[in-house]
Amino acid sequence: MTSKSLVTIERHIIEAERQFPEATGAFSNILYDIAFAAKMIAREVRRAGLADVLGYTGEVNVQGEEVKKLDEYAHEVIFKALDHTGHLCGMASEEVADFIPIPDRFPTGKYCVLFDPLDGSSNIEANVSVGTIFSVHRKVSDHPRGCAQDCLQPGYSQVAAGYVVYGSSTMLVYTTGNGVHGFTLEPSIGEFLLSHPDIRIPSPGQRIFSVNEGNYMKWSSQQRGLVDYLKGLDGTNPKPFSARYIGSLVADFHRNLLYGGMFMYPADDKNPNGKLRLLYEAAPLAMIAEHAGGRASTGTSRIMDIEPRSLHERTPLYIGSADQVEIAERFLAGTPGAGMEAALEPLAAGV
Ligand code: AHM
Ligand code: MG
């Protein structure tokens, strides 16, 4: 083992906390509790093929989608890891329609946590990677025990954001605004060990685009033009991009964070705001992307600046390497040529 591999997530969080003498430890405890929940979920995801946890429950969640048992399990585990600690004034989950209050028998605190407990869960039965996404906000409402207002905050107010990818190994990646750090779960000792300190999206990075092209006919002409450009179909891109689409956001995002690339879930003529949720998916990943030197956009504006109006609102998402997301923004603005040479320079130097 190298000394790098001996930094547990606990040590990393404690060392970060020491830089803030006024810190009470509440925030650090929230991060440990999320890491603990991630280990529990990782264990169940690993056992999914063996245990009787697969298949639809038959219920429909607030997004109108069928819920799988593991989604419910992941939601319950995160809720129970956080509900009694006295650090939170409430939670919000992709699996639940409304603000989730802290049970009356427990004290409340000054933070709230938002999470997508198991994103991409439709992939589980095919053994494809899935993920948990989370973010932490400070309490802002006057309500003594918190209310939805505490969760309805823009991305720039997040005090922490992260995700866990349950893949060939389990990795937890998070930022508190001071670098993006990745930890790999060592299953034999049950600890997350620092494996990817200070992650930066490579620049120039690999030219990868990730999008569900099955929606091509539903896209705007600008979006089609962008993808035609990326594929080299319009005659102006001498180095076409590679396509990589897992259909599991955390896994697609994680690959692009490490290699470079851009993930897109555009608006289309049936879904004017795309598919992905601002608070549970886009805003947390946007914080990570930006702190890793990348960019996250609706196609026209910064994801982190959106003031949410409802807990489950959706947004188009373009996220990943800054230069590639800028190209998308130019196409969507209908001005692909403007300043294109400068944007393409780093790409031309890429792999
Ligand atoms: P979910 O939150 O219901 O799991 O849906 C989100 C998932 C993302 O992981 C993925 O990027 C996207 O849906 C894939 O959607 P599509 O099947 O339309 O390509
Ligand atoms: Mg999701």
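The numbers attached to residues start from 1 for each chain and follow its sequence in the written order. To read the labels, note that chains go from A and ligands from 1, taken in the order they are written. Two thresholds apply to this predicted model, a pLDDT of at least 70 for residue-level local features and 80 or more for giving and counting side-chain atom pairs, whereas whole-chain, interface and lining totals are computed over all residues. Here the side-chain values reflect all heavy atoms present in the structure, with hydrogen atoms and water set aside.

Re the domain arrangement of the protein
Here is step 1: Each assigned domain of the protein is listed here: domain 1 (4–196) and domain 2 (208–347).
Here is step 2: What marks off one domain from the next here is an automatic or database domain assignment. Look at where the C-alpha atoms of domain 1 and domain 2 centre, and you get two points 25 Å apart.
Here is step 3: Should any heavy atoms of two residues lie within 4.5 Å, those residues are counted as being in contact. Domain 1 puts 44 residues into the contact, and the matching count from domain 2 is 32 residues.
Here is step 4: For the pair domain 1 and domain 2, the summed buried area comes to about 2,900 Å², and 65% of that belongs to carbon and sulfur atoms.
Here is step 5: Among the residues of domain 1 in contact with domain 2, Ile133, Leu152 and Tyr163 are the three that bury the most area, contributing 20% of the side total.
Here is step 6: In what follows, salt bridge is the name for a side-chain nitrogen of Lys or Arg lying within 4 Å of a carboxyl oxygen of Asp or Glu. At the boundary of domain 1 and domain 2, one finds one salt bridge.
Here is step 7: Between Arg277 and Glu94 there is a salt bridge whose closest N-O contact spans 3.6 Å.
Here is step 8: Pairs of N or O atoms within 3.5 Å make up the polar contacts considered here, provided that, within protein, one atom can donate a hydrogen while the other can accept it, and that residues adjacent in sequence are counted only when both atoms are side-chain atoms. Linking domain 1 with domain 2 are nine residue pairs in polar contact (both at pLDDT 80 or more).
Here is step 9: Going along the chain from the N terminus, every DSSP run of H or I of four or more residues is numbered as a helix, and every run of E of two or more is numbered as a strand. Of all the secondary structure elements, the ones that give two or more residues to the side of domain 1 that touches domain 2 are strand S3 (88–93), strand S4 (111–119), strand S5 (130–138), strand S6 (160–166) and strand S7 (170–175). Here the quantity called buried area is the accessible surface, traced with a 1.4 Å probe, that two parts lose on coming together, added over both.

Focus: the site of ligand 1
Here is step 1: Residues are labelled near a given molecule or strand when at least one of their non-hydrogen atoms is within 4 Å of it. Neighbouring ligand 1 are 17 residues; Asp119, Gly120, Tyr245, Leu249 and Tyr265 lie closest to it.
Here is step 2: Here an oxygen atom of ligand 1 and a side-chain polar atom of Tyr265 are 2.5 Å apart.
Here is step 3: In this structure, an oxygen atom belonging to ligand 1 sits 3.1 Å away from a side-chain N or O atom of Glu281.
Here is step 4: If you count residues domain by domain, the shell around ligand 1 takes at least three from each of domain 1 (4–196) and domain 2 (208–347).

Looking at the coordination of the magnesium ion (ligand 2)
Here is step 1: On the protein side, the magnesium ion (ligand 2) has Glu94 (OE), Asp116 (OD), Asp119 (OD) and Glu281 (OE) as donor atoms, found 2.0 to 2.4 Å from it.
Here is step 2: For Na, K and Ca the donor cutoff is 3.2 Å, while for all other metals N, O and S atoms count as donors only within 2.8 Å; water does not appear among the atoms, so some sites may look incomplete. Written as a sequence motif, the donor arrangement for the magnesium ion (ligand 2) is E-x21-D-x2-D-x161-E. Of the two residues, Asp116 sits in strand S4 while Glu281 sits in helix H7 (residues 278–291), which places them 165 residues apart along the sequence.
Here is step 3: Given a relative accessible area of 0%, Asp116 falls into the buried group. For every residue, the accessible area (1.4 Å probe, protein chains only) is compared with the maximum for its type, and the residue is labelled buried under 20%, exposed over 50%, or partly exposed between those bounds.

A few points about the sheet that holds strand S9 (residues 191–196)
Here is step 1: The mixed open sheet is built from seven strands, whose spatial order is S3-S4-S5-S6-S7-S8-S9. Each having just a single partner strand, S3 and S9 make up the two edges of the open sheet. Going from strand to strand, the sheet's axes swing by 20 degrees on average, the running direction of each strand aside.
Here is step 2: Two strands are said to pair when DSSP picks up at least two bridges between them. As judged from the six bridges shared by S6 and S7, these two strands associate in the antiparallel manner. Paired with Gly162 across the bridge in S7 is Tyr174. Only the stretch in contact is used when fitting a helix axis, every axis being a line fitted to C-alpha atoms; angles between N-to-C directions are given from 0 to 180 degrees.

Digging into the layout of surface pockets
Here is step 1: The definitions used throughout rest on a 1 Å grid laid over the protein atoms alone, on which a cavity is an enclosed set of points accommodating a 1.4 Å probe that cannot get out and a pocket is an open set flanked by protein within 12 Å on both sides along at least five of seven lines; lining residues are those having an atom within 4 Å of a point. Grid points are joined across faces, edges and corners, and a volume is the space filled by probe spheres set on the points. Approximately 610 Å³ is the volume found for the largest pocket.
Here is step 2: What lines the largest pocket is a set of 25 residues, among which Ala16, Glu17, Phe20, Phe27 and Thr176 lie closest to the centre.
Here is step 3: The leading source of residues in the lining of the largest pocket is helix H1 (residues 9–17), at five residues.
Here is step 4: Any residue that is not Ala, Val, Leu, Ile, Met, Phe, Trp, Tyr, Cys, Pro, Asp, Glu, Lys or Arg is counted as polar, Gly included; the first ten are nonpolar and the last four charged. Partitioning the lining of the largest pocket into residue classes produces 10 nonpolar, 10 polar and five charged.

With respect to the side chain of Asp119
Here is step 1: Along the polypeptide, Asp119 turns up in strand S4.
Here is step 2: The convention is simple: Lys and Arg are positive, Asp and Glu are negative, and His and the chain ends are not counted. No salt bridge forms around the buried Asp119; measuring N to O, its nearest opposite-charge neighbour Arg277 is 5.5 Å away.
Here is step 3: Asp119 has contacts with Glu94, Val130, Gly131, Ile133, Ser248, Leu249, Val250 and Glu281, leaving out every residue within four places of it along the chain.

Considering the nonpolar core
Here is step 1: Within the largest apolar cluster, 45 residues are counted, with the highest numbers of intra-cluster contacts made by Leu118 and Tyr166.
Here is step 2: Per element, the largest residue contribution to this core is 11 residues, and it comes from helix H2 (residues 26–46).
Here is step 3: Ignoring anything within four residues of it in the chain, the contact list for Leu118 reads Ile41, Val45, Leu70, Asp71, Ala74, Ile124, Val130, Gly131, Thr132 and Tyr166. Note on terminology: a nonpolar core comprises buried Ala, Val, Leu, Ile, Met, Phe, Trp, Tyr and Cys residues joined through side-chain atoms within 4.5 Å.

With respect to helix H6 (residues 249–259)
Here is step 1: Of all 11 residues that make up H6, nine are buried, and the element is covered over most of its length.
Here is step 2: The set of residues buried in H6 consists of Leu249, Val250, Ala251, Asp252, Phe253, His254, Arg255, Asn256 and Leu257.

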